[in-house]
Amino acid sequence: MQQGQRLKEATEGQIVQAGNKIGGPFKIGKPVYQEKRLKLFNEIYQRQKAELEAKEKTPITITLKDGKKIEGKKWVTTPLMIAVGISKKLAESMVAAKVVYDTLFEKNFVDVDHEEQQSQGSQLNLKPDYVIWDLTRPLEGDCQLELLSFDDNNGKEVFWHSSSHILGSALEEVYGCHLCIGPAIDGGFFYDCYIGDYKVTQNDYVKIEKAASDLAASKQEFQRAVLTKDECLELFGTNPFKRQLITNKIPEGAMTTAYKCGNLIDLCTGPHLPNTSYVKAFQVTKNSAAYWLGKNTNDDLQRVYGVSFPSKKLLDEYVKIQKELALRDHRNVGKKQNLYLFHQLSPGSAFFYPSGAHIYNTLMNFLRRQYYIRGYQEVISPNIFNAQLWKISGHYDKYKENLFFINMGEEGEYGLKPMNCPGHCLMFDMIQHSYRDLPVRFADFGVLHRNEVHGALSGLTRVRRFQQDDAHIFCRMDQIQEEIKSCLDFLSYIYSLFGFEFKLYLSTRPEKFLGTKEVWDNAEYQLEQGLKKFGKPFEVNPGDGAFYGPKIDVKLYDAYKREHQCGTIQLDFNLPERFNLQYRASEDVQEVQQDKEQLHNEQVQAAQEIIDVVRKASHHSDTDNITTAPQNSQQQPAEDPVQEKAPQEQNVKKQKKQKQQKEPQQQQQDQHKKQKLPEDIIESGSSQGLSQHELHKVLHEKKYELGYHHLKAGFARPVIVHRAILGSLERMIAVLTEQCGGKWPFWLSPKQLVLCPVSAYYKDVAEKIAARLRLEGYTVTTDEADQTLAKKVRNAQIQYFNFVGVIGEEEVKAGVIDVRDCEKNTRIGKLTIPQLCKFFESLKPPKSNVEVQIHEHDDSHLKLNDELQEKMFLEGDGYSVGKRDFDEFAKIKDIDPVLQNLIRWHKYMTHLTKKDEAPEKVEQVEQKQE
């Protein structure tokens, strides 16, 4: 669960551990450290309570959500007092408050109690619009106040965070363990604890739950105290894990907070429930092993998960849903239906069997059809790239540990692609585009690989090998709005097919961003307008955009209200800059000519420099090959071999010296080889000792150097829209498997129809009918088992076939199939093969809005065309559509030019036909007269 807005220090440190193990020897027993810890905390709490009472109680104004204003007193009035003043029943159902202060008086506190990955650096520097406040904590100034129940997401987080403290207290009571970290998460909470070599099992659940329930029933208050770093170290002196958190995450002079409930005291910034009695139902759900700080070289911890509710009824509903979800778990369904399996020799990579491959391919083919309709162009890009690509894109520095690399020897380091966008940038760049060509929409189902940690792999939801419905739209700034709306329409249509609900979040400029504020403001405006045009409500996440551009986060909810992150729509200014992507923004002839001349001159100059270097190197090479004084050898007689030895040694020394002089020249030559070369000087370069391959290589290397790239005159830089709807096909199939429970919709099902002959005599007929239906594209099998018809029908239902067809003597004589619906257990009727195909056709997904509009457009024009032909062609007044046609039939102006041309052709043919008929009529008249 994403943490709500919290007050915390922006200078949180990173946890640094000197050694791998810090837990040390441990023996289960009563927590002897509790008495000293409680005594010290109570002293601090009472002192601060007295300080609070001594503060000046000035009047403040509290504005409720409905606009009503209530007068209160600073440092006295609490949200719970206001709730009780409205209604006691209301107060009992509230768990926390959302407060927006006009001015925040209290100092921020360091958040020590959460895992490292939950502290996002970009969010720490943001001032929150609101803070979640304890119901019993006095307000500190004029503010807006909203009371939160368990149904609210922030309220649910507070409830489960408080429950994690109850769980921590129970673990201390049962094991006397060292508590580590215990956050609220999606669907509950967990607590990590160190118990030495002891392993928690399901047999321990009962005693943990009893200790937690006893604490909840005792109505223990959650008491808050502000602590210095020294006070924290004194409170948790016996817990090495808490000491490490305190030492590394709390700067000197900074403050943090701790909460007490019962005998438990834990570092926490809160907020929390008023007391433990709010938790009416508590259950331990599972346990697992964990590592301190998530590193497998650190201490082994025991992680205990739990869930809690404000009523026993809600817990019962939760248990019922969890049982259903266990049956629907995609790993179980996949194995049961032979869809996909995994093997230890290829962890994180699914083996899709025929039925699973059918679902996989059907999803891709369905999207392909939508791509063609919506103006996307499917492309295929390489799977492996030189590491230079990832250095240019920035992934090498930030995500190197998630890439699979291959050492190719002299060619250097190569890597399997983890995403398609850098490759698509190369594809866009290799062909020059005009502003008239944009938007260019590249779609790619290429195989991707990401080196996920082995412990993080989980079924199809977290894999190493996967494919995405990935698309990148290269567009102009003025096209963003329409492209965003189109993407959202596409996304809404796909999600509606599966019964998914979704929420949209507009994430805006973070503190650190690429580009100018003006460009970001424009892009955010375009995204906002696109969302407004789409018409679905959305929320704004200030400062949560990516550094390269704002984005629209899409949170998907299945039938069980579970949240999934699948689709995304992101704007990107970064990659177009890094890859120097450009399109021609002007068609001015003079400007284009100037640009060509400037580019030509720059390339010629660079090429000439390279040729000069090669020529110079060639000259030195020729000098090296000249032997010493060949003319003297002809004029003078041969000398004694002993006398020749000295000059030969001198030549060897001279050659070594010249070779050393060549090395810096060679380096200089390599640098010059990075210059651009135009096609018209390739021959010149070749004549000076450079091959065409070398010249093209120079051009390639220069183009993809890192650094700032200047725009050419008359060119502009495109914006990239990263767009995914299903996201990873593997993850989406996992979600769909659990959404459908293995009962696949007909158009996606790998088991659409099973034909059951009533006896062996009709097997051949069943096979021929199955082959005919497979020819139409349906997945059909036959059940030729020697079983009763009732047993075959029952097997079809158990195996989740959509329909079963019975073939017997009556059906063969009538040429029909007796079709039944397996899921509803109802009879469809006796249908011929054409009737059955028509019935199956009606079960395909409904047309999208784009398809409907296209068909409506075509239908209206075809109807209009028919009317025009009937009116004009019968009258036949020539072969051109002219003024008379417009006068008699004004709607002709609404017809596309292509159809107008068709009308002209028909009229012309009518004219020629009548012209050919005229002489025949004259001849007939003459014959009659004779």
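Residues numbered from 1 in each chain as written. Predicted model: local features only at pLDDT ≥ 70, side-chain atom pairs only at ≥ 80, totals over all residues. Heavy atoms only, no water.

Identification of the protein as Probable threonine--tRNA ligase, cytoplasmic from Paramecium tetraurelia is taken from an unreviewed UniProt entry. Under Subcellular location (unreviewed entry), UniProt gives the following word-for-word description of the protein: "Cytoplasm". Under the heading Catalytic activity (unreviewed entry), UniProt records this for the protein: "tRNA(Thr) + L-threonine + ATP = L-threonyl-tRNA(Thr) + AMP + diphosphate + H(+)". (UniProt positions renumbered as here; feature names shortened; annotations may be inferred.)

S.K.: Got a minute to help me understand the pairing of strand β23 (residues 465–475) in this structure?
M.R.: Looking along a regular strand, one sees side chains alternate from face to face of the sheet. The buried fraction of β23 amounts to 10 of the 11 residues, a majority that puts the element mostly inside the structure. Where strand β21 (residues 440–444) and β23 come together, five bridges link them in antiparallel fashion. Paired with Val440 across the strands is Phe474, a residue of β23. Bridge count between strand β22 (residues 447–449) and β23: three bridges; the pairing is antiparallel. Its bridge partner being in β23, Leu448 is matched across the sheet by Phe466. Alignment of β23 against strand β30 (residues 719–728), held across seven bridges, turns out to be antiparallel. Across the sheet, residue Cys475 finds its bridge partner in β30, namely Val719. (Buried < 20%, exposed > 50% of the residue type's maximum accessible area, 1.4 Å probe, protein only. Helix = DSSP H or I, 4+ residues; strand = E, 2+ residues; numbered from the N terminus. Pairing = 2+ DSSP bridges.)

S.K.: Would you take a moment to explain empty space enclosed by the protein for this structure?
M.R.: Remark: the empty space left among the atoms is shown by a probe the size of a water molecule rolled over them. Considering all chains together, one arrives at three cavities of 30 Å³ or more under this definition. Here the second largest cavity is characterised by a volume of approximately 80 Å³. Every element with two or more residues in the lining of the second largest cavity is listed here: β6 (178–179) and β11 (264–267). The residue makeup of the lining of the second largest cavity, split by class, is six nonpolar, three polar and four charged. (1 Å grid on protein atoms, 1.4 Å probe; cavity = no way out; pocket = protein on both sides within 12 Å on 5 of 7 lines; lining within 4 Å. Points joined across faces, edges and corners; volume = space filled by probe spheres on them. Nonpolar A, V, L, I, M, F, W, Y, C, P; charged D, E, K, R; others polar.)

S.K.: Explanation requested: the sheet that holds strand β10 (residues 255–261) in the structure shown.
M.R.: Pairing between the strands of a sheet comes from backbone hydrogen bonds, and it takes one of two forms, parallel or antiparallel. Read from one edge of the open sheet, three strands run β9-β10-β11, paired in antiparallel fashion. Because the sheet does not close on itself, it has two edges, and the strands there are β9 (223–228) and β11. On average, adjacent strands in this sheet sit at an angle of 30° to one another, irrespective of strand direction. (Axes fitted to C-alpha atoms, helices over the stretch in contact; angles between N-to-C directions.)

S.K.: Teacher, can you tell me more about the packing of helix α15 (residues 480–497) against helix α16 (residues 517–534) here?
M.R.: The relative placement of two packed helices comes down to the angle between their axes together with the axis-to-axis distance. Running from N to C, α15 and α16 cross one another at 45°; their axes reach a closest spacing of 8 Å. In terms of orientation, α15 lies oblique with respect to α16. In the crossing of α15 with α16, the sense of the turn from one axis to the other is right-handed. Contacts between α15 and α16 involve Ile480, Gln481, Glu482, Ile484, Lys485, Leu488, Asp489 and Ser492 from the former and Gln526, Leu527, Gln529, Gly530, Leu531, Lys533 and Phe534 from the latter. A class-by-class count of the residues in the contact of α15 with α16 yields six nonpolar, five polar and four charged. (Parallel < 35°, antiparallel > 145°, perpendicular 65-115°, else oblique. Left-handed = near helix turned anticlockwise from the far one by under 90°. Contact = heavy atoms within 4.5 Å.)

S.K.: In this structure, what is going on with the environment of Gly375? I would like to understand it.
M.R.: Among the structural elements, Gly375 can be located in the loop between α11 (354–374) and β16 (377–378). Residue classification places Gly375 among the partly exposed positions, given a relative accessible area of 34%. Sequence-wise, Gly375 and Pro439 are 64 residues apart; in three dimensions their C-alpha atoms are separated by 9.3 Å.

S.K.: What exactly am I supposed to notice about the nonpolar core here?
M.R.: Core analysis: the largest hydrophobic core is formed by 57 residues, its most contacted members being Leu363, Ile494, Tyr495, Phe498 and Ile552. Looking at this core, the element that brings in the most residues is α15, giving 10 residues. Not counting residues up to four positions away in its chain, the partners in contact with Phe498 are Leu363, Leu736, Gln739, Trp747 and Leu748. (Core = buried A, V, L, I, M, F, W, Y, C linked by side-chain atoms within 4.5 Å.)

S.K.: Teacher, can you tell me more about the confidence of the model for the protein here?
M.R.: For any part of a model where pLDDT is low, the fine detail of the predicted coordinates should not be relied upon. The predicted model of the protein has a mean per-residue pLDDT of 81, with 74% of residues at 70 or higher. This stretch, residues 1–18, has a pLDDT under 50; its non-local contacts, to residues over four places away or in other chains, come to 69 contacts. A low-confidence stretch, residues 870–879 stays under pLDDT 50, and its non-local contacts, those more than four residues away or across chains, total 28 contacts. (pLDDT = per-residue confidence, 0-100.)

S.K.: Got a minute to help me understand the sheet that holds strand β29 (residues 715–716) in this structure?
M.R.: Read from one edge of the open sheet, three strands run β20-β28-β29, paired in mixed fashion. The outermost strands of the open sheet, each flanked by one partner alone, are β20 (433–434) and β29. Pairing of strand β28 (residues 583–584) with β29, which is carried by two bridges, proceeds in the antiparallel orientation. For Arg584, the partnering residue across the bridge sits in β29 and is Phe715.

S.K.: Explain the pairing of strand β3 (residues 94–101) here, please?
M.R.: Among the eight residues that make up β3, seven are buried, leaving the element largely enclosed by the rest of the structure. By the bridge criterion, seven bridges tie β3 to strand β5 (residues 143–149) in an arrangement that is antiparallel. Counterpart to Val100 in the pairing with β5 is Gln144. Across three bridges, β3 lies against strand β4 (residues 131–133) in antiparallel orientation. Looking at β4, one finds that Val99 is bridged to Val131.

S.K.: Got a minute to help me understand the packing of aromatic side chains in this structure?
M.R.: Between two aromatic rings, the relevant description is the distance of the centres plus the angle of the planes. The final tally for this structure, using the stated rule, is 38 aromatic pairs. Ring geometry for Trp160 versus Phe309: centroids 6.4 Å apart, planes at 85°, classification edge-to-face. Placement of Trp160 in helix α5 (residues 153–175) and of Phe309 in strand β13 (residues 300–309) is noted, with a sequence separation of 149 residues between them. Plain terms: the ring middles of Tyr761 and Tyr762 are 5.1 Å apart, the flat faces sit at 90° to each other, and that makes the pair edge-to-face. Judged by relative accessible area, which is 11%, Tyr762 ranks as buried. Directly above the ring of Tyr396 sits Lys391, whose terminal nitrogen or CZ lies 5.1 Å from the centroid. Over the ring of Tyr376 we find Arg441, and its NZ or CZ is 6.0 Å from the ring centre. (Phe/Tyr/Trp six-rings, centres within 6.5 Å; stacked < 30°, edge-to-face > 60°. Lys NZ or Arg CZ within 6 Å of the ring centre and 35° of its normal.)

S.K.: When you look at the environment of Ile733 in this model, what are you seeing that I'm missing?
M.R.: Looking at where Ile733 falls in the secondary structure, it is placed in helix α23 (residues 729–740). Overall, Ile733 belongs to the buried group, its relative accessible area being 1%. Taking the C-alpha atoms as reference points, Ile733 and Gly356, 377 residues apart in sequence, are found 9.0 Å from one another. With residues up to four places along the chain from it excluded, the contact list for Ile733 reads Tyr340, Phe352, Ile359, Tyr360, Leu363, Leu460 and Trp744.

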